[in-house]
Amino acid sequence: MELEHTQLVAEMIAPTGELVRTEIDVRVDPLTGHTSRILPNRGLMPPNDFDLEAFAQENEERCPFCPDRIERMTPKLPPAVHPEGRIMRGEAVLFPNLHAYGSHSCVSVYSPRLHYLPLARITESVMADNLSVQVQYAKAVMAAYPESRWSSINANHMLPSGSSLFHPHLQGLVDSTPTTIQRQLANVPAARFDEYLNTERRDGRRFLRNSGRVQWLVSFAPIAPAEIRAFVPGVASPAELGDELVAELARGLTITLGAYADMGYESFNLAMYGAPPATAGYPLNLRIACRSNLRPFYRSDSTFLERLHWEGAVDLVPEDLAERIRDRFRN
Ligand SMILES: [Zn+2]
């Protein structure tokens, strides 16, 4: 497979009078065809300098996901989905999203006591327990409502990512219809996924690791900064994940979040895009990417390009990102 890209060149006369040329690499995503602009480094994503811990203390008093309040202030699942009302594993607790985004829309906190959870402190077991309750939820919803077969596990982590609550959590959706990207990915022929993964493995510049059953790589045409993708051939839906695969995914995600923390990032989005269970040839896949850091007068990483043109524009070069974090995946 040829990974398509074209070069745009901007020319201008600098205030000093010299001619300045800027090259912009426009890349095409080989699966969905969306395009993304790789810009020279302009410091668009400055590292965190905000006192998150102090801010956490300020808003903790009113947080509905903290111990005691979680029991009183969060809703319960209907008995058809889960008779106990909330799904728990380890310290993770899952309950319906009070502000639903679909027919089955849930929230799961890593732990009621982890109101302040910087990325470097998310451990494999904390991540695995939270993914597990999401998997259990998807299974339970599909068993009770067989028409709801499109499941995804997602995260808005910290306010710049779209989270309205500070307390870290994942979000699950299970619906009878896919989202735009779920639909696009499910329409990709099975052979195209194989070709893409083979191409990236051979090329090597963005490939991170095959961790057993999961292939990890940096996106060729990222929608968002520092975007990493993973593919799980042989599994189509989060509802089909067993404990071993959950642990493997949790390990890769934790490695990624550790790398983000090292780079100075504290906010991210995650989407694990499920197709209906047993969809032949569809590999369950995910995207995870950084968002701007929280600070007064911060620059949002999501501009007219991303929101209204569906065009990525990042100044973190994918190959440099892979170089920077590959060792973590191999150790
Ligand atoms: Zn809290």
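Scroll up a little and you will see the structure.
A. Structural view of the coordination of the zinc ion. Looking at the metal site, the zinc ion is ligated by Cys63 (SG), Cys66 (SG), His115 (ND1) and His167 (ND1), spaced 2.0 to 2.3 Å from it. Bound by 4 donor atoms, the zinc ion shows angles of 103 to 119 degrees at the metal and therefore tetrahedral coordination geometry. Coordination of the zinc ion draws on donor residues from a single chain, spaced C-x2-C-x48-H-x51-H in sequence. Here the residue Cys63 occupies a position in the loop between α1 (52-60) and α2 (69-73), and His115 occupies one in the loop between β6 (104-109) and α3 (124-144), the gap between them amounting to 52 residues. As far as burial versus exposure is concerned, Cys63 and His115 are alike and both buried.

B. How the structure looks around unusual backbone geometry. For Ala278, which is not glycine, the phi dihedral falls at a positive 70 degrees. The residue Ala278 is located in the loop between β12 (267-273) and β13 (284-291) in this model. The backbone of Phe297 shows a phi angle near 55 degrees, a positive value even though the residue is not glycine. Checked against the element boundaries, Phe297 lands in the loop between β13 and α7 (304-309).

C. View of the packing of helix α6 (residues 243-262) against helix α8 (residues 318-330). Viewed as axis vectors pointing N to C, α6 and α8 meet at an angle of 140 degrees, and their least axial separation amounts to 10 Å. The angle between the axes of α6 and α8 places the two elements in the oblique class. Considering how the two elements wind past one another, α6 and α8 form a crossing that is right-handed. Contacts from Gly252, Ile255, Thr256, Gly258, Ala259 and Asp262 in α6 reach Ile325, Arg328 and Phe329 in α8. Residue composition of the contact of α6 with α8, grouped by class: 4 nonpolar, 3 polar and 2 charged.

D. Up close: empty space enclosed by the protein. In total, this model carries 3 cavities of 30 Å³ or more according to the counting rule given. Looking at the largest cavity, its volume works out to about 50 Å³.

E. Summary view of the packing of aromatic side chains. Tallied over the full model, the rule gives 7 aromatic pairs. Plain terms: the ring middles of Phe50 and Phe55 are 5.8 Å apart, the flat faces sit at 75 degrees to each other, and that makes the pair edge-to-face. Under the relative-accessibility criterion, Phe50 is labelled partly exposed at 24%. Classification of Phe55 as partly exposed rests on a relative accessible area of 23%. On the numbers, 6.0 Å between centres and 80 degrees between planes, the contact of Tyr196 with Phe231 is edge-to-face. Note that Tyr196 is positioned in helix α5 (residues 190-203) and Phe231 in strand β11 (residues 228-232), a separation of 35 residues in sequence. The burial state of Tyr196 is the same as that of Phe231; both residues are buried.

What counts, and at which threshold
- Residues numbered from 1 in each chain as written.
- Predicted model: local features only at pLDDT ≥ 70, side-chain atom pairs only at ≥ 80, totals over all residues.
- Heavy atoms only, no water.
- Donors = N, O, S within 2.8 Å, 3.2 Å for Na, K, Ca; no water.
- Tetrahedral: all angles 85-135°; square planar, octahedral: opposite > 155°, others 65-115°.
- Helix = DSSP H or I, 4+ residues; strand = E, 2+ residues; numbered from the N terminus.
- Buried < 20%, exposed > 50% of the residue type's maximum accessible area, 1.4 Å probe, protein only.
- Axes fitted to C-alpha atoms, helices over the stretch in contact; angles between N-to-C directions.
- Parallel < 35°, antiparallel > 145°, perpendicular 65-115°, else oblique.
- Left-handed = near helix turned anticlockwise from the far one by under 90°.
- Contact = heavy atoms within 4.5 Å.
- Nonpolar A, V, L, I, M, F, W, Y, C, P; charged D, E, K, R; others polar.
- 1 Å grid on protein atoms, 1.4 Å probe; cavity = no way out; pocket = protein on both sides within 12 Å on 5 of 7 lines; lining within 4 Å.
- Points joined across faces, edges and corners; volume = space filled by probe spheres on them.
- Phe/Tyr/Trp six-rings, centres within 6.5 Å; stacked < 30°, edge-to-face > 60°.

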